[in-house]
Structures are given as structure tokens and as C-alpha cells.
Amino acid sequence: MAVLSDPISDFLTRLKNASLAGNEEFTAPCSNIKVEIARILQEEGYIWNYEVTGEGSKKQIKVKLKFTPQGKPVVTDVKRSSKPGRRQYVSSEDIPRVLSGLGIAIVSTSRGVMTGAQARKQSIGGELLALVW
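No experiment lies behind these values; they were computed from the predicted model shown.

Analysis parameters
- Residues numbered from 1 in each chain as written.
- Predicted model: local features only at pLDDT ≥ 70, side-chain atom pairs only at ≥ 80, totals over all residues.
- Heavy atoms only, no water.
- Axes fitted to C-alpha atoms, helices over the stretch in contact; angles between N-to-C directions.
- Helix = DSSP H or I, 4+ residues; strand = E, 2+ residues; numbered from the N terminus.
- Left-handed = near helix turned anticlockwise from the far one by under 90°.
- Contact = heavy atoms within 4.5 Å.
- Pairing = 2+ DSSP bridges.
- Expected span 1.5 Å × (residues − 1).
- Buried < 20%, exposed > 50% of the residue type's maximum accessible area, 1.4 Å probe, protein only.

Engineer: Is there a simple way to think about the packing of helix H1 (residues 7-21) against helix H2 (residues 32-43) in this case?
Structural biologist: Between two packed helices, the angle of one axis relative to the other and the distance separating the axes together describe the packing. Between H1 and H2, the least distance of the axes is 10 Å, while the angle of their chain directions is 35°. For the pair H1 and H2, the crossing hand works out as right-handed. Listed contacts from H2 to Pro7, Ile8, Phe11, Leu12 and Leu15 of H1 are Ile33, Lys34, Ile37, Ala38 and Leu41.

Here it is as C-alpha cells:
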């Protein structure tokens, strides 16, 4: 079994691929940061829900995707910003506005993982994990 160098990127790629393929759900290996990203995606209306299954190192996160009434995926694209080889940190003023507010930025701050808008409101910066629209 191959060791992933960027598990967050793997999770986001699975999200994007499953939504573009029209799959209703997907599973990925679980971690706390992936659960936080899924929580934000659910709060912002990009996915229906998520659940953690299994125990110990066999934990999986199962994500149920959301589609429009016309059958189009709500998540149209995901872009990983900060990578293991090149971390990208931003101040609260430099957090990007995704598609003029139609998308979200996911930021890992000292107060936890939150959207760019929440981080801007609390005027704290952090590591820019991903852009979702």
C-alpha cells in the first residue's frame, strides 16, 4: 500500500472526482483535519452530511454529496492551495474571496479550521488549505 504524502489533497481529489462522476457518496481514510473540512463543507451547503466509521487506524470518513435539482454537482471544483512541499500562509487581509463570494476558502488557524469569511471576521490568518466552488 502506498503512503500518501498529502492526505488532504487525496481527500479533496476524491471529493471532486466523485461529484464530477455523479456519485452520491465516497469514502476516504479518516483524520481530524478531514473531519473538520467535511464539517465546513456541510455547514456551507456543499455536502449533505458525513460520518466516521470504523475504529483505530481503520477509520473511514464517508461523505454524502449534494446535487442541484437538475442533477449537477454543488461542488464544481476544488483547488488545494497549501501543499506539503510549499505551505501557503495568509494574513486575515490576504484571504482570497473565491469567485466574488460564490465559493469558500478553507483556512487552518490557531483557533481551528474555518472558512475564509469567518477568519476574516475574527481577523486571524493561517494556512490556506483549499478553495472550493
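Engineer: When you look at the pairing of strand E2 (residues 47-53) in this model, what are you seeing that I'm missing?
Structural biologist: Here is the key point about a regular strand: its side chains alternate between the two faces of the sheet. Two elements, E2 and strand E3 (residues 60-65), share six bridges in a ladder whose sense is antiparallel. Bridge assignment links Asn49 to a residue of E3, and that residue is Lys64. Between the antiparallel neighbours E2 and E3 lie six residues, among them Gly54 with a positive phi of about 85°.

Engineer: In this structure, what is going on with H1? I would like to understand it.
Structural biologist: Here H1 is 15 residues long and its end C-alpha atoms lie 21 Å apart, about the 21 Å a rise of 1.5 Å per residue gives. Of all the residues in H1, the buried ones are Ile8, Asp10, Phe11, Leu12, Leu15, Ala18 and Ser19. Immediately downstream of H1, the backbone of Gly22 shows phi near 85°, a positive value.

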